[in-house]
Each structure stands twice: as structure tokens, then as C-alpha cells.
Amino acid sequence: MTAPSNPALLITGARPYGEQPQDLLIAEGRIAAVGPEASSHAEQLRAQGTQVETLEAEGQIALPGLVDLHTHLREPGREDAETVATGSRAAALGGFTAVHAMANSSPVADTAGVVEQVHRLGLDAGYTEVYPVGAVTVGLAGEQLAELGAMAESSAQVRMFSDDGHCVHNPVLMRRALEYVKTFDGFIAQHAQEPALTGWGTETPAQMNEGCVSAELGLPGWPAVAEEAIIARDVLLAQHVGSRLHVCHVSTRGSVEIIRWAKERGIDVTAEVTPHHLILTDELVRSYDPVYKVNPPLRTEADVHALREGLADGTIDVIGTDHAPHPTEAKECEWSQAAMGMTGLETALSVVQMTMVETGLIDWRRVAEITSAKPAEIYRHTHQGRPLAAGEAANLILVDPAARRTVDPLQHASKGRNSPFRGMELPGEVRATVLNGRAVVREGALV
Ligand SMILES: NC(=O)N[C@@H](CC(=O)O)C(=O)O
């Protein structure tokens, strides 16, 4: 018998999915046992000379490792904002055992060479699994399809394609992309934003949600219909060609209604919502603090309510962080000049706990679905998002739901300091992250 590369791990007293306490034994990258047999199995391992470490987790909730379909890691090209290594550390601390790195790097991830590079950097970092997302169009320019097949066949085996940051606006290109990825069971993740309705490419691009607050502040508005019109078109395109569509960062009540309508008709669409759209509103823009500038923009209280309901009833499938780190100078400037985007990896689960669990909308089992099982299923992962059961790959986390912490971005592993939650007290803390059987976070700190 060859010695395992990592010690076995006996987790005692944790509550899987927030339910009854159970012991869990992790050995050789897998969950070896759950329940009373975990400790006896651990004794057997010890008797065979295997090192078994104990992790006491009384009061902590065990969940499958989180899977983020929407992360900006900035490398290659913008290593001043984030690197695959710093983003991976942030992910592990936030409880993510897999992240999907968006293609809007520099160069854009539109070739096999770039996606292979990002994938390799993720393996080297070793804190979370990093899956590169391929661009749909060359250079995100929306004119010519990128080499989707070459990226799918590369060692990175890309299955998800997105021009995120830009909308695949041309309906013919969108149709072709949807058709193309069917051949390898891939999917297109659309950043739904009708460019003309949001002043894209003009002197006055939209700066915030179009509504009462934008009218009062005199800032160019980003109307809900600019998102909804693209989602409506795309669900019909997906139906027409029988392909899989994923809608990135849904932000409006109308979008939730359209997706609900599409699902009722059996259209193969999935959707994500960001943590920040579950809690923050456009009222915050009155401060003119660019930390609140994001795309799609913060919307209204009614939208927040509809997004929470849509997530609770399954219309919205998953949480996607849209972790978008920016260097300080890109955020600490005049509103109109500031970059769009917020960090999110290290606060995502806390915001879900606060907005969805502590409000009684969902329980921890549903948290596991929206943060792990469902995103993993969308990507067709076979070893992520799996149940906490014997024989499954050991990608899991321990969360202390009773912890309270005041968010200080200076303490974050991400290079991005642009957290809209800075100074806020959030519930919950990730105490441990186990990646393929190896503890990469212990006692709330990186190992
Ligand atoms: N979400 C954001 O506000 N920003 C994203 C890209 C984008 O979706 O605009 C970024 O890459 O910074």
C-alpha cells in the first residue's frame, strides 16, 4: 500500500448542511466515512500507521466546497489588480474549492494558449481549482467567434464561454456560439446588456441604475430593459437551437420573471445572482463612492426582493460572485472615471447567510445547492458540488455560523480593496476549506 500524500483528517462534531452533528473522515482525497463509523475507521487507519489529524468542529456547519462560475482573476495582464495565486487564496478563504476565471484578461482568454496558461497557474497556486472561461468572440470584440473548439480540446478542457464585461450583442454570433458548444456539452454565459440602451461606446455611458436616484443625481441611467431585452432574446435563441444558456449576474425583477417564464416552457436556461445584488441598492450611489459602481448596477429595493425570491424558489440557480478586483487608483477617483466592479470571494457566503438564511428564505441545504451542487452541475463537474457522503471527493468546508466579523478589505487575501461591505458586520466565518482531501484553510487562515 502506498502512503497517502496528505494525512487523513477526522472532523468531529460538525453539522452537515446545518443538521445533526456527525463525524467525517477524510482519507486519500475522499470522504471515507460519515457518522459513527468515522472514528472507528480512523482508529483502523492509525493502527495501519496512517497519520490521522483531528479537527474539532462542534457548532460548525459542514458544506460541500463552494463553486463560483463567475470570478475575475485578472491574470494574465492585470497582475496589479489580482493574480491567479492571490485570487486562489481569496477563494480558499471564502470557502471556494473551484472558481471559473472570466476571459476578460489581457490578452483575452480566446485561445488555447491563454486558457492553458490560466489553468496551469491555478494548479501551481494549489488553493482552489481554477477553470478558465473562454471568450465567445475574438478579443471580446463581438465580431468573430473565438476558437471555441480549440479551447474545449485544450488541456484546460473549457466548457463555459463568456464575453463577460461585454454582451454578445450580435444575435447571429450568439446563435452560432450556442450551436457550436452543443457539440461538447458546453454552454454560453451571457452578460446581458443591450449596448445601445446603456450608451455603450458613446460619450455618456450609463453610470448607474436608471430610476429615481439617477434622475435626481443627473447621472446617465442603465435601464432594466437593457438587461431584460437580451435575456428574452437569448432564451428564445437557446430554445430555437436547443442549447444551454447561462445568464450572468441577473439584477432586475423583470429578468427574474422572464427566466421563470422560460423555465416553465422547458428552455434550458440557468441564472446566477451576485451577493451584492441581494442586499445593496442604488440609494448607495448618493454617496458618490465608486466602491458602489458595478456592472450591472445596483438596482432598487423591489429588485433585491425579487432576486431573493427568485433564488429561494429556484428561478435563479446559483450564486456567482462576479469578484472583480481593481487597483486602488481605479476606484478612488471621480465616479464617472471609476472602474466598475466589486470584490466578493471573501464575503459571499456571509452575505448569503445574512440575506437568505437569517431571513428564513432558505436553509443550509439550499445554500449548498446554490453555492455548490448546482454550479458544479452546470459545469458538469464530477468531483465538485458532490454530497457530503462516503466515497465522494473531499471538497468541503466548515463554517461557524455564529461568528461575526467586521469586513476589513486590508485583511483580505485578494489584492482588490474594493469591497462594498467594508466596515459592515457580517455573520459567519469559513473556518476550514478542504480541497481534494487537503486542508488549505484551517482555523480561518490559509495553511
Ligand atoms: N462586474 C463588473 O462591474 N466588472 C467586471 C466586468 C463587467 O461585468 O463589467 C470587471 O471585469 O471588472
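Residues numbered from 1 in each chain as written. Predicted model: local features only at pLDDT ≥ 70, side-chain atom pairs only at ≥ 80, totals over all residues. Heavy atoms only, no water.

The name that an unreviewed UniProt entry assigns to the protein is Dihydroorotase, with the source organism given as Nesterenkonia lacusekhoensis. The Pathway (unreviewed entry) comment attached to the protein in UniProt states, word for word, "Pyrimidine metabolism; UMP biosynthesis via de novo pathway; (S)-dihydroorotate from bicarbonate: step 3/3." (UniProt positions renumbered as here; feature names shortened; annotations may be inferred.)

**Student:** Looking at this structure, how should I read the layout of surface pockets?
**Tutor:** Over the atoms rolls a probe the size of a water molecule, and its path tells where empty space is left. The space that makes up the largest pocket amounts to roughly 400 Å³. Along the walls of the largest pocket sit 20 residues, with Arg74, Asn104, Gly165, His326 and Met340 positioned nearest its centre. Split into classes, the residues belonging to the lining of the largest pocket amount to 7 nonpolar, 10 polar and 3 charged. Volume-wise, the second largest pocket comes out at about 350 Å³. Taken together, 20 residues line the second largest pocket, and the ones lying closest to its centre are Leu93, Glu346, Arg405, His412 and Glu429. If you list the elements that add at least two residues to the lining of the second largest pocket, you get helix H2 (84–94), helix H11 (348–357), strand S16 (396–406) and strand S17 (425–435). (1 Å grid on protein atoms, 1.4 Å probe; cavity = no way out; pocket = protein on both sides within 12 Å on 5 of 7 lines; lining within 4 Å. Points joined across faces, edges and corners; volume = space filled by probe spheres on them. Nonpolar A, V, L, I, M, F, W, Y, C, P; charged D, E, K, R; others polar. Helix = DSSP H or I, 4+ residues; strand = E, 2+ residues; numbered from the N terminus.)

**Student:** Help me out: how do you make sense of unusual backbone geometry in this one?
**Tutor:** The phi torsion of most residues other than glycine is negative, and most of the peptide bonds are trans. Omega for the peptide link from Glu75 to Pro76 comes to 5°, which places this bond in the cis form. Within the element layout of this structure, Pro76 appears in the loop between strand S6 (66–71) and H2. A positive phi angle, close to 70°, is found at Arg74, a residue other than glycine. Relative to the elements of secondary structure, Arg74 occurs in the loop between S6 and H2. Even without glycine at this site, Glu443 takes up a positive phi of about 50°.

**Student:** What exactly am I supposed to notice about empty space enclosed by the protein here?
**Tutor:** Inspection of the entire model under this criterion finds 3 cavities of 30 Å³ or more. A volume near 60 Å³ is recorded for the largest cavity. Around the largest cavity sit Leu73, Arg74, Glu75, Ala101, Met102, Asn104, Ser105, Ala109, Val118 and Pro132, which together line it. Here the lining of the largest cavity is built from residues that sort into 6 nonpolar, 2 polar and 2 charged. By volume, the second largest cavity is sized at about 50 Å³. Lining the second largest cavity are Leu66, Val67, Phe96, Ile319, Ala348, Leu349, Val352 and Thr371. Taken together, the elements giving at least two residues each to the lining of the second largest cavity come down to S6 and H11. A per-element tally of the lining of the second largest cavity places H11 first, with 3 residues. Looking at the lining of the second largest cavity residue by residue, the classes come out as 7 nonpolar, 1 polar and no charged.

**Student:** What exactly am I supposed to notice about the sheet that holds S6 here?
**Tutor:** In space, the 3 strands of this open sheet follow the order S6-S7-S8, with parallel pairing throughout. Edge strands, defined here as strands with exactly one partner in the open sheet, are S6 and strand S8 (129–132). Ignoring strand direction, the axes of neighbouring strands in this sheet form an average angle of 20°. Relative to S8, strand S7 (residues 96–101) runs parallel, the two being bridged by 4 bridges. (Pairing = 2+ DSSP bridges. Axes fitted to C-alpha atoms, helices over the stretch in contact; angles between N-to-C directions.)

**Student:** Mind showing me how you'd approach the nonpolar core here?
**Tutor:** In globular proteins that are soluble, nonpolar side chains generally tend to be buried together. Of all hydrophobic cores here, the largest spans 90 residues; its most connected members are Ile11, Leu63, Phe161 and Leu349. The element best represented in this core is helix H7 (residues 224–241), accounting for 6 residues. In this structure, Ile11 is in contact with Gln22, Asp23, Leu24, Ile26, Leu55, Ala57, Leu396 and Leu398, ignoring residues within four places of it in sequence. In terms of nonpolar packing, the next biggest core, distinct from the first, is built from 15 residues, Val213, Tyr292, Val351 and Val407 among them. (Core = buried A, V, L, I, M, F, W, Y, C linked by side-chain atoms within 4.5 Å. Buried < 20%, exposed > 50% of the residue type's maximum accessible area, 1.4 Å probe, protein only. Contact = heavy atoms within 4.5 Å.)

**Student:** Can you walk me through the site of the ligand in this structure?
**Tutor:** In the neighbourhood of the ligand, 14 residues make up the surrounding shell, with Arg74, Asn104, Asn295, Asp322 and His326 lying closest. His326 places a side-chain nitrogen or oxygen 3.1 Å from an oxygen atom of the ligand. In the model, a nitrogen atom of the ligand is placed 3.1 Å from a nitrogen or oxygen of the Met340 main chain. For the ligand, whose free accessible area comes to 310 Å², the fraction covered by protein is 94%. Looking at the shell around the ligand residue by residue, the class counts come to 3 nonpolar, 8 polar and 3 charged. (Near = heavy atom within 4 Å. Polar contact = N/O pair within 3.5 Å; in protein donor to acceptor, adjacent residues only side chain to side chain. Areas by Shrake-Rupley, 256 points an atom, 1.4 Å probe, with all protein chains shown as cover.)

**Student:** Where do I start with the pairing of S17 in this structure?
**Tutor:** Successive side chains on a regular strand alternate, one facing one side of the sheet and the next facing the other. Extensive coverage of S17 is indicated by the burial of 8 of its 11 residues. Direction of pairing for S16 relative to S17: antiparallel, over a ladder of 8 bridges. Note on S17: the bridge partner recorded for Asp400 is Glu429. In the sheet, S17 pairs with strand S18 (residues 438–442) via 3 bridges, with the strands oriented antiparallel. In the sheet register, Thr433 faces S18, and the bridge partner there is Val441.

**Student:** Hey, could you run me through the packing of helix H8 (residues 253–264) against helix H9 (residues 301–312) in this one?
**Tutor:** Two numbers describe a pair of packed helices, the interaxial angle and the distance between the axes. Here H8 crosses H9 at 30°, and the two axes come no closer than 8 Å. Looking at the two axes, H8 sits roughly parallel to H9. Between H8 and H9, the contacting residues are Arg253, Val256 and Arg260 on the first element and Ala302, Asp303, Ala306, Leu307 and Gly310 on the second. For the contact of H8 with H9, the class distribution of residues is 4 nonpolar, 1 polar and 3 charged. (Parallel < 35°, antiparallel > 145°, perpendicular 65-115°, else oblique.)

**Student:** I would appreciate a short explanation of the environment of Ala103 in the present structure.
**Tutor:** Looking at the secondary structure, you find Ala103 in the loop between S7 and helix H3 (112–125). Note on Ala103: relative accessible area 2%, which makes it buried. Residues Ala103 and Val291, spaced 188 residues apart in sequence, show a C-alpha to C-alpha distance of 23 Å.

**Student:** Where do I start with helix H5 (residues 171–182) in this structure?
**Tutor:** Side chains of residues three or four places apart in an α-helix project in the same direction, reflecting 3.6 residues per turn. For H5, with 12 residues, the first-to-last C-alpha span of 17 Å sits near the 16 Å given by 1.5 Å per residue. Looking only at H5, the buried set comprises Leu173, Met174, Ala177, Leu178 and Val181. All buried residues of H5 fall inside an arc of 135° around its axis, so they share one side. In this structure, the buried residues of H5 make contact with helix H4 (148–153), strand S9 (160–161), strand S10 (187–190), H7 and strand S13 (245–247). (Expected span 1.5 Å × (residues − 1). Arc of directions from axis to C-beta.)

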